[in-house]
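# Observations on the three-dimensional arrangement
The chain contents come next:
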Amino acid sequence: MSIRPAQELWETALGEIELQVNKPNFRTWFAKTVGLKYDGSEFVIGVPNTFVAEYLELNQRSLIEKTLINTTHSPVELCFQLIQSGQVPAAVPQTNKQKQESPFNPRYTFESFIVGSCNRMAHAASLAAAQNPGKSYNPLYIYAEAGLGKTHLLQAIGHLANLNRRKALYVSGEQFTTDFISSIRNGQTEEFRSRYRDVDLLLLDDVQFIGGKEQTEECLFHTFNDLHNSNRQIVISADSPPKSLPQLAERLRSRFEWGLTIEIEPPDEKTRLELLQLKAEQSGTELNMDTLEYLAQAVKHNIRELEGSLNRVLAYARLLRAAITPDLAARALSDIGSRPVRENSPLRPGNIISAVSQVFQIPTTELLGAARDKDTALARQFAMFILKQQNSASLVEIGQSLGGRSASTVSHACDKIQLELENSTFLRLKMTEVQNHLSQQRLP
Ligand SMILES: Nc1ncnc2c1ncn2[C@@H]1O[C@H](COP(=O)(O)OP(=O)(O)OP(=O)(O)O)[C@@H](O)[C@H]1O
């Protein structure tokens, strides 16, 4: 039997893992990893530094192993290795080609989007925006809770517009902010300006991230006006409607309301069943109706989690070489599935703050209080960073759980710790200790 190249397998596995961990976590810990070697049993994953290796070993080993078993269809022995220069494997040719052809994720198209009563309006308006940019609803503002298809729709718009030879730019609120800041730092504001204004469609995902960052808001305000005045299409997604984004300046919020605002609701049972059927088909498996119904009842509010549950059931069945039944699905979700779910389900803010308090030896009351001395401020910022990594809470919620700090304070703290972690052995050690505390709490 021929063995697929490690990088190709790892790219497939990463696609699955991306569904199971939150976005900041994926970007920080997985995005720079590569598949270095696979000989049929040992799988070597290349990591950019020891810090990432430690984190993955401690926190994500079980998820990675199960995903690789699912991908390779056989048991694997996992091993992490630092990437040496020149060691990065060539990208998988086909993926490379796809990437050159389209900057959009090939998994997220209108064809692969299941339409139900929960998302019919959002789907129709997105299609109209892609087919007739700037002509129908401008801006189109789509909001929903996590994992309900906002990114999928924005990417699908980009795909279709691209096919119609329109220039579409997809960017997350976080990326827009980073681009803006580095354009100022590097004196490249003109490049920034033309990158964002020389487009037919701007697709801005997770705009809530920009809230509270005054200069970035100002920049978005001018970009918005420029695009809107010249009838270019703007599509925005967020976790709540414009009026519920208190961190955002009023003039931006009111502009977001100029066009059409649509909510995607959690999927009804029929849509969940169709989704499961499609995803099972895509992985080459046919599921009986009883099992589909079981799964559709098990996860109701988040499509990413629904996909994650299906993947776990498929992996479990492959491992046992067993037929897929509701009973097997139940065992998969409570047995093999229980650890990854626990590992990746957000910890409560209280657990994280208490772990930081113990490791830094600073009482929780001081972390939540007004003390501004250097040690307390650092520990508090560290807690903010971990909350952002491990808990899907918003910046506002994180600020609230740490004594009522503002979202911009939290955002600044997270950026600072992220940067310092690259260079500070002290902080890396603290991170490992905090992770150890948190792993203890996650053990069954
Ligand atoms: N209607 C749908 N049809 C098919 N797949 C869907 C649908 N809705 C969501 N998905 C899938 O669910 C997963 C999560 O969707 P997506 O990332 O678009 O959610 P999101 O709303 O952007 O989440 P977040 O707020 O966390 O960024 C993706 O794999 C996506 O393809």
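Note that the coordinates shown come from a computational prediction; the quantities given were computed from them, not determined experimentally.

### Re the site of the ligand
- Inspection of the region around the ligand gives 20 residues, with Lys23, Ile114, Thr151, His152 and Glu307 positioned closest.
- At 3.2 Å, a backbone N or O of leucine 148 approaches an oxygen atom of the ligand.
- Side-chain polar atom of lysine 279 to a nitrogen atom of the ligand: 3.2 Å apart, as the coordinates give it.
- Compared with its free state, where it exposes 630 Å², the ligand has 95% of that area covered by protein.
- Those elements that place two or more of their residues in the shell around the ligand are helix H6 (150–163), helix H11 (269–282) and helix H13 (303–320).

### A short note on the sheet that holds strand S6 (residues 201–205)
- Pairing in this open sheet of five strands is parallel, and the strands run S5-S6-S7-S4-S8 from one edge to the other. For this open sheet the edge positions go to strand S5 (168–172) and strand S8 (260–263), each flanked by a neighbour on one side alone. Mean inter-strand twist for the sheet, computed between neighbouring axes without regard to direction, equals 15°.
- Strand direction decides the pairing type here: S6 and strand S7 (residues 233–238), joined by four bridges, are parallel. By the bridge assignment, leucine 204 is partnered in S7 with isoleucine 236.

### As for the domain arrangement of the protein chain
- Along its sequence, the protein chain is organised into domain 1 (6–82), domain 2 (102–263), domain 3 (269–344) and domain 4 (349–442).
- Spacing between the C-alpha centres of domain 1 and domain 2 amounts to 31 Å.
- Each partner contributes residues to the interface: domain 1 has five residues there, and domain 2 has five residues.
- Surface buried jointly by domain 1 and domain 2 totals about 330 Å² across both partners, of which 21% is contributed by carbon and sulfur atoms.
- When residues of domain 1 are sorted by the area they lose upon contact with domain 2, Leu19, Lys23 and Arg27 head the list and together hold 77% of the total.
- On the surface where domain 1 and domain 2 come into contact, there are zero residue pairs in polar contact (both at pLDDT 80 or more).
- Looking at the side of domain 1 that touches domain 2 residue by residue, the class counts come to one nonpolar, one polar and three charged.

### A short note on the pairing of strand S3 (residues 77–82)
- Where strand S2 (residues 42–47) meets S3, six bridges bridge the pair, whose relative direction is parallel. Looking at S3, one finds that glutamate 42 is bridged to glutamate 77.

### With respect to the sheet that holds S2
- Taken in spatial order, the three strands line up as S1-S2-S3 in an open sheet, and their pairing is mixed. Two strands lie at the open edges of the sheet, namely strand S1 (34–38) and S3, each paired on one side alone. Adjacent strand axes in the sheet meet at a mean angle of 30° when their direction is disregarded.
- Strands S1 and S2 of the sheet are contacted by helix H1 (residues 6–20), whose axis makes an angle of about 130° with S1.
- Its contacts with the sheet place helix H3 (residues 50–72) against S1, S2 and S3, and it is angled at close to 140° to S3.

### A look at helix H18 (residues 374–390)
- The end-to-end C-alpha distance of H18 is 24 Å, a good match for the 24 Å that 17 residues give at a rise of 1.5 Å each.
- The element H18 is extensively covered by neighbouring structure, given that 14 of its 17 residues are classed as buried.

### Brief notes about the UniProt feature "domain: AAA+ ATPase" (unreviewed entry) in the protein chain
- In the numbering adopted here, UniProt assigns the feature "domain: AAA+ ATPase" (unreviewed entry) to residues 136–263.
- Helix makes up 46% of residues 136–263 and strand 19%, and the two end C-alpha atoms of the span are 17 Å apart.

### With respect to the packing of helix H8 (residues 189–197) against helix H9 (residues 214–229)
- Two elements in contact, H8 and H9, have axes separated by 10 Å at closest approach and are oriented at 45°. Here H8 is positioned oblique relative to H9, judged by the angle of their axes. By crossing handedness, the relation of H8 to H9 is classed as right-handed. Here Phe192, Tyr196 and Arg197 of H8 lie close against H9, whose contacting residues are Cys219, His222, Thr223, Asp226 and Leu227.
- Across the contact of H8 with H9, the residue classes tally to four nonpolar, two polar and two charged.

Cut-offs used in this document
Residues numbered from 1 in each chain as written. Predicted model: local features only at pLDDT ≥ 70, side-chain atom pairs only at ≥ 80, totals over all residues. Heavy atoms only, no water. Near = heavy atom within 4 Å. Polar contact = N/O pair within 3.5 Å; in protein donor to acceptor, adjacent residues only side chain to side chain. Areas by Shrake-Rupley, 256 points an atom, 1.4 Å probe, with all protein chains shown as cover. Helix = DSSP H or I, 4+ residues; strand = E, 2+ residues; numbered from the N terminus. Pairing = 2+ DSSP bridges. Axes fitted to C-alpha atoms, helices over the stretch in contact; angles between N-to-C directions. Domains from an automatic or database assignment. Contact = heavy atoms within 4.5 Å. Buried area = accessible area lost by both parts, 1.4 Å probe. Nonpolar A, V, L, I, M, F, W, Y, C, P; charged D, E, K, R; others polar. Expected span 1.5 Å × (residues − 1). Buried < 20%, exposed > 50% of the residue type's maximum accessible area, 1.4 Å probe, protein only. UniProt positions renumbered as here; feature names shortened; annotations may be inferred. Parallel < 35°, antiparallel > 145°, perpendicular 65-115°, else oblique. Left-handed = near helix turned anticlockwise from the far one by under 90°.

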